[in-house]
Amino acid sequence: MLGFVVALISEFANHFGIRPRQAYAYLKRYKGMEHLHNHYGVLHTQSFPDTVDALAQVCVNNGGALR
């Protein structure tokens, strides 16, 4: 699980052109990490782009601005 989360944060950062530390802070603040923890069983079976899109939408739904 840890390897998947680290890789996903890196992909999220690359997708939005931010640093991994910023991506983690953003995901933590806007409940993306919580969503990932709660739905890991499904999310780890999807592609990274689909999972990044899903997490981005969760964050937007919780006040985040990255789209």
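None of these values were measured; they are calculated from a predicted model. (Residues numbered from 1 in each chain as written. Predicted model: local features only at pLDDT ≥ 70, side-chain atom pairs only at ≥ 80, totals over all residues. Heavy atoms only, no water.)

Student: Explain the confidence of the model for the protein chain here, please?
Tutor: Do not read the predicted coordinates in detail wherever pLDDT is low. Overall, the predicted model of the protein chain reaches an average pLDDT of 96, with 100% of residues at or above 70. The least confident element of the protein chain, judged by mean pLDDT, is helix 4 (residues 40-43) at 95; the most confident is helix 2 (residues 20-29) at 98. (pLDDT = per-residue confidence, 0-100. Helix = DSSP H or I, 4+ residues; strand = E, 2+ residues; numbered from the N terminus.)

Student: Explain the nonpolar core to me, please; I cannot follow it from the model alone.
Tutor: Among soluble globular proteins, nonpolar side chains are generally buried collectively. With 18 residues, the main nonpolar core has Leu8, Ile9, Phe12, Leu27, Met33, Leu36 and Leu55 as its most contacted residues. Among the secondary structure elements, those contributing two or more residues to this core are helix 1 (2-16), helix 2, helix 3 (32-38) and helix 5 (48-61). Residue contributions to this core peak at seven residues, all from helix 1. Not counting chain neighbours up to four residues away, the residues in contact with Ile9 comprise Pro20, Ala23, Tyr24, Leu27 and Met33. (Core = buried A, V, L, I, M, F, W, Y, C linked by side-chain atoms within 4.5 Å. Buried < 20%, exposed > 50% of the residue type's maximum accessible area, 1.4 Å probe, protein only. Contact = heavy atoms within 4.5 Å.)

Student: Please clarify how the packing of helix 1 against helix 5 should be interpreted in this entry.
Tutor: Orientation of helix 1 relative to helix 5, taken along the N-to-C sense of each, is 75°, at an axis distance of 10 Å. Classed by the angle they form, the pair helix 1 and helix 5 counts as roughly perpendicular. Residues Phe4, Ala7, Leu8, Glu11, Phe12, His15 and Phe16 of helix 1 pack against Phe48, Thr51, Val52, Asp53, Leu55 and Ala56 of helix 5. The residue makeup of the contact of helix 1 with helix 5, split by class, is nine nonpolar, two polar and two charged. (Axes fitted to C-alpha atoms, helices over the stretch in contact; angles between N-to-C directions. Parallel < 35°, antiparallel > 145°, perpendicular 65-115°, else oblique. Nonpolar A, V, L, I, M, F, W, Y, C, P; charged D, E, K, R; others polar.)

Student: How should the packing of aromatic side chains be read in this particular structure?
Tutor: Here the distance between the centres and the angle between the planes together describe a pair of aromatic rings. Counting across every chain of the model gives five aromatic pairs. Seen from their ring centres, Phe12 and Phe16 are 4.8 Å apart, and the 50° between their planes marks the pair as tilted. Taken together, the residues span about one helical turn, with Phe12 and Phe16 both in helix 1 at a distance of four residues. What makes Phe12 buried here is its relative accessible area of 0%. Judged by its relative accessible area of 17%, Phe16 falls in the buried class. Taken together, a centroid distance of 5.0 Å and an interplanar angle of 55° make the contact between Tyr26 and Tyr30 tilted. Classification of Tyr26 by relative accessible area gives buried; the value is 11%. Among the residues examined, Tyr30 registers a relative accessible area of 15% and is labelled buried. These aromatic residues form a ring-pair network of at least three members: Phe12, Phe16, Tyr26 and Tyr30. (Phe/Tyr/Trp six-rings, centres within 6.5 Å; stacked < 30°, edge-to-face > 60°.)

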